[in-house]
Amino acid sequence: MLRVSNTFMGGKCVKLHEYQSKRLFAAHGVPIPGGDVAATPEEARRIAEELGGPVVVKSQVLVGGRGKAGGIRLAQTPEEAEDVAEEILGLEIKGLPVRKVLVDQAADIRQEIYLGVVVDRANRRPVMMASSEGGVEIEEVARTNPDAIKKVTVDPFLGLRGYQTLSLAKGIGLAAEHHRAFGGIAQGLYEAFLAYDASLAEINPLIVTAGGELLAVDGKMVVDDNGLFRHSDLAQMRDVDEETAAEREARQAGLSYVQLDGEIGCMVNGAGLAMATMDIIKHFGGGPANFLDIGGGAKAERVAAALRLILADPNVEAVLFNIFGGITRCDEVARGILTAFEEVKPTVPLVARLVGTNEEEGRAILEDSDYHLITAKTLAGAAQKAVAAARGELGA
């Protein structure tokens, strides 16, 4: 895999817009075009007047295919930039509204290069990749022409070395006069990758201009949620339009939640156990409706918030509680379940597996309640019962 998602490993990542990513790259010495971001057509015109000459007006949405959707346009004059910005700001691209545009100086492009850094989880190292086929999604290059992608693995204790950037430059056929500039940009990109706890940092394309300069005209960065406690400024850059209402509520409640398209709601403590629960549901023919990790030591209030999220999904036909009591106490989880039931009356079958700390107390709390829960002692048994319940083969 060329890109690695942290979606199911302790939280979602924060994807930054192009203008945000490029500004962070520039702080580490990566050259970017002159430009600024605008939220209105009038602001776009003012920026174009300040820049002088042709500009590129680019929609700022966190999806690919912006150009094909009409979200990237060239404007020769400030008046044209204003008109183009008005059109782009009225677009919705792949379901996301365009709320801002980036107005950049247009560049005379002679060559396009891809340059990126990702986390290689298998090798437990960052990997820097470069390709002479810039301006194209790197996954497409990997599929159609994998030999065009050159890679170097970075030892985190030594950092990115000069001989490695030189190897990349030569590997993609970059002219010798650009090797020094390319090496500096590669170092700056890697420094930004480390500084902001990124799981992905890429420039696509990194261009060679007619004047022989190297310039990052597009940029993307994905920041690991687990590092946001060190970067409160980056947390504020999160685009809430990318989240569903449920995912936004989960984040505010401190839950790791991702909405999926299955029919069995899952509430689990621990990311690894949640992944295993989703896998075994699929194994027995069902589909998970969500990834939800309530975390270790979750109290009743958090469990209640989690269950409200699950039951608010109209696609959910059954709910599976899979709790392994270690730090999290089973009786606390049971109380949270009943608290949620008082607020959101469940109308779907409920399957519970509570194992570990205070499991007997937890089971007793559920059994003494007015709600009928289907119980199971093993994960396989719980998953089978949840799949059957979702199909209407077990009573609620």
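Throughout what follows, the structure given in this document is the object of discussion. (Residues numbered from 1 in each chain as written. Predicted model: local features only at pLDDT ≥ 70, side-chain atom pairs only at ≥ 80, totals over all residues. Heavy atoms only, no water.)

### Concerning the nonpolar core
Okay, so step 1: In terms of nonpolar packing, the biggest core is built from 36 residues, with Leu-115, Met-128, Phe-182 and Met-221 touching the most fellow members.
Okay, so step 2: Here this core takes seven residues from helix α6 (residues 179–195), the largest share from any one element.
Okay, so step 3: In this view, Met-128 contacts Leu-115, Gly-116, Val-117, Lys-150, Lys-151, Val-152, Leu-160, Leu-168, Ala-186, Leu-189 and Tyr-190; residues no more than four positions away in its chain are not counted. (Core = buried A, V, L, I, M, F, W, Y, C linked by side-chain atoms within 4.5 Å. Buried < 20%, exposed > 50% of the residue type's maximum accessible area, 1.4 Å probe, protein only. Helix = DSSP H or I, 4+ residues; strand = E, 2+ residues; numbered from the N terminus. Contact = heavy atoms within 4.5 Å.)

### Here's the deal with helix α9 (residues 271–283)
Okay, so step 1: The end-to-end C-alpha distance of α9 is 18 Å, a good match for the 18 Å that 13 residues give at a rise of 1.5 Å each.
Okay, so step 2: Those residues of α9 not exposed but buried are Ala-271, Ala-274, Thr-277, Met-278, Ile-280 and Ile-281.
Okay, so step 3: Structurally, α9 contributes buried residues whose contacts are with β15 (264–268), β16 (290–293), β17 (318–325) and α13 (379–390). (Expected span 1.5 Å × (residues − 1).)

### Some thoughts on the environment of Gly-287
Okay, so step 1: Examined against the element boundaries, Gly-287 turns out to sit in the loop between α9 and β16.
Okay, so step 2: The sequence separation of Gly-287 and Ile-264 amounts to 23 residues, and the corresponding C-alpha distance is 6.1 Å.
Okay, so step 3: With residues near it in sequence (within four places) discarded, Gly-287 still touches Gly-262, Glu-263, Ile-264, Ile-281 and Lys-282.

### Observations regarding a negative patch on the surface
Okay, so step 1: Negative charge collects at one region of the surface, where Glu-42, Glu-43, Glu-80, Asp-83 and Glu-86 lie side by side.
Okay, so step 2: The leading source of residues in the negative patch is helix α3 (residues 78–89), at three residues.
Okay, so step 3: Positionally, Asp-83 belongs in helix α3.
Okay, so step 4: You can call Asp-83 partly exposed: its relative accessible area is 43%. (Patch = residues over 30% accessible without salt bridge, like charges linked within 9 Å, V, L, I, M, F, W, Y side chains within 5 Å. Areas by Shrake-Rupley, 256 points an atom, 1.4 Å probe, with all protein chains shown as cover. Salt bridge = Lys/Arg side-chain N within 4 Å of Asp/Glu carboxyl O. Lys, Arg positive; Asp, Glu negative; His and termini not counted. Charge placed at Lys NZ, Arg CZ, Asp CG, Glu CD.)

### Points about the packing of helix α2 (residues 41–51) against α3
Okay, so step 1: Where α2 contacts α3, the two axes come as close as 8 Å, and the packing angle between them is 145°. As for the relative orientation of α2 and α3, their crossing is right-handed in sense. Residue-level contacts link Pro-41, Glu-42, Ala-44, Arg-45, Ala-48 and Glu-49 of α2 to Pro-78, Glu-79, Ala-81, Glu-82, Ala-85, Glu-86 and Leu-89 of α3.
Okay, so step 2: Of the residues contributing to the contact of α2 with α3, the split by class is seven nonpolar, no polar and six charged. (Axes fitted to C-alpha atoms, helices over the stretch in contact; angles between N-to-C directions. Left-handed = near helix turned anticlockwise from the far one by under 90°. Nonpolar A, V, L, I, M, F, W, Y, C, P; charged D, E, K, R; others polar.)

### Focus: helix α1 (residues 18–26)
One full turn of an α-helix is made of 3.6 residues, so residues set three or four places apart face in the same direction.
Okay, so step 1: Counting buried residues along α1, seven of its nine residues qualify, which places the element largely inside the surrounding structure.
Okay, so step 2: Within the sequence span of α1, burial applies to Glu-18, Tyr-19, Gln-20, Ser-21, Lys-22, Leu-24 and Phe-25.

### Overview of unusual backbone geometry
Okay, so step 1: For the bond from Asn-204 to Pro-205, the omega torsion is 10°, close enough to zero to count as cis.
Okay, so step 2: Tracing the backbone through its elements, the reader meets Pro-205 in strand β11 (residues 198–209).
Okay, so step 3: Even without being a glycine, Lys-94 presents a positive backbone phi close to 50°.
Okay, so step 4: One can find Lys-94 in the loop between β5 (92–93) and β6 (96–97).

### Observations regarding the environment of Met-275
Okay, so step 1: Among the secondary structure elements, Met-275 is positioned in helix α9.
Okay, so step 2: According to the relative accessible area criterion, Met-275 is partly exposed, its value standing at 26%.
Okay, so step 3: C-alpha separation for the pair Met-275 and Asp-293, spaced 18 residues apart in sequence, amounts to 9.4 Å.

### Concerning the sheet that holds strand β4 (residues 72–75)
Okay, so step 1: Across the sheet, four strands lie side by side as β2-β7-β3-β4; this open sheet has antiparallel pairing. On the outer flanks of this sheet lie β2 (35–38) and β4, each paired with one strand and no other. Looking at each pair of strands side by side, their axes are set apart by 20° on average, direction ignored.
Okay, so step 2: With four bridges connecting them, strand β3 (residues 55–59) and β4 associate as antiparallel partners. Across the sheet, residue Val-56 finds its bridge partner in β4, namely Leu-74.
Okay, so step 3: Across the face of the sheet, α1 comes into contact with β2, β3 and β7 (101–105) while running at roughly 50° to β7.
Okay, so step 4: Packed on one face of the sheet, α3 meets β3, β4 and β7 and runs near 165° to β4. (Pairing = 2+ DSSP bridges.)

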